[in-house]
Every structure is written in structure tokens, then in C-alpha cells.
Amino acid sequence: MKILQIGKFYPIRGGVEKVMWDLTEGLSERKVQCDMVCAMLKSDAIEPDHLALARETPEGRVIDLGDYGHVICVPAWKKVAATMISPAMIRWMCRHAAEYDIIHIHHPDPMAALALWQSRYKG
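Below you will find a few notes about this structure.

Reading the values: the criteria
- Residues numbered from 1 in each chain as written.
- Predicted model: local features only at pLDDT ≥ 70, side-chain atom pairs only at ≥ 80, totals over all residues.
- Heavy atoms only, no water.
- Salt bridge = Lys/Arg side-chain N within 4 Å of Asp/Glu carboxyl O.
- Helix = DSSP H or I, 4+ residues; strand = E, 2+ residues; numbered from the N terminus.
- Buried < 20%, exposed > 50% of the residue type's maximum accessible area, 1.4 Å probe, protein only.
- Phe/Tyr/Trp six-rings, centres within 6.5 Å; stacked < 30°, edge-to-face > 60°.
- Arc of directions from axis to C-beta.
- Contact = heavy atoms within 4.5 Å.

1. Some details on the pattern of salt bridges
(1) Moving on: Here the structure, examined in full by the defined rule, presents five salt bridges.
(2) Moving on: Close ionic contact of Lys 2 with Glu 99 constitutes a salt bridge, the shortest N to O distance being 3.8 Å. Taken together, the residues span a long stretch of sequence, with Lys 2 in strand S1 (residues 2-9) and Glu 99 in the loop between helix H2 (87-96) and strand S8 (102-105) at a distance of 97 residues.
(3) Moving on: Classification of Lys 2 as partly exposed rests on a relative accessible area of 24%.

The following block contains the structure:
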């Protein structure tokens, strides 16, 4: 089984992001493929505890949580009313949504809902 969680942003600032991180980390430790995609402003930095796990990719920054979990941080243009504006999230979802058996959106997150809708995911 392959699970994707879609959330607002990285670095972790609130409860939703912390729950997503904990689920991704916990499931991956149990050898369940669980990834998390979120948006990140260029001005934001990878948290010091995660620097050794981070790498740059053409689609954004990825934090590897072992063989079974990844946090994918796609670029965002800006943050408006606690919502990241990220066309890159839509592009990422259109390319990768079909790879997942389950996609879990953490609400409220209009950008994540738009990205999932645009991907035409049929899970």
C-alpha cells in the first residue's frame, strides 16, 4: 500500500503539520510507504534536525525518512490567509497522484483540494 498525505506547508508550524509528520514517520517506520507533499516558500529553510535527511530535486526539496517515507516540499509563490499558493503542487499532483493507493488531505487546505481535483485522482 502506498499512502500520500497532502498538507499546507513546511517547516512544521502547527498541529496539522505535526500530525502529518508523525503519521508519515510512524507508518514509514512500520514499512508502509507513506509520503507527505506540502508547499514551502523559498525564504523558508529546512529545519536543522532535518538537514542531514534533505536533498534538492527538480520538483522541490525532499526530506527522506528512510526507505518508506518522504516529505516532498514543492515551491510556493506566497502565503495568503494561511494558504500556500503553489502551482507546483498542482503540477506535482498531476504527475504523481496515480502512484498512490490512498490520498489523505488534511483540511482546511484549499490549495491541496484544488491540486487533488486537478489531478483527476480516482483512488
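And the narrative resumes.
2. Points about the packing of aromatic side chains
(1) Moving on: Enumeration over the complete set of coordinates arrives at two aromatic pairs.
(2) Moving on: Between Tyr 10 and Trp 21, the aromatic rings sit 6.5 Å apart at their centres with planes inclined by 35 degrees, giving tilted as the arrangement. Within this pair, whereas Tyr 10 is found in the loop between S1 and helix H1 (15-29), its partner Trp 21 is found in helix H1, the two being separated by eleven residues in sequence. Residues Tyr 10 and Trp 21 agree in their burial class; the two are buried.
(3) Moving on: A centroid spacing of 6.4 Å and a plane angle of 40 degrees characterise the contact between Trp 92 and Tyr 100, whose relative ring orientation is tilted.

3. What about helix H3 (residues 110-119)?
(1) Moving on: For H3, the complete set of buried residues consists of Met 111, Ala 112, Ala 115, Leu 116 and Ser 119. Buried residues in H3, looked at end-on, bunch into an arc of 130 degrees, giving them a common side. Exposed residues lying more than 90 degrees from the buried face of H3 are Pro 110 and Trp 117.
(2) Moving on: Structurally, H3 contributes buried residues whose contacts are with S1, strand S7 (83-85), H2 and S8.
(3) Moving on: Positive phi shows up at Arg 120, right after H3, with a value of about 60 degrees.

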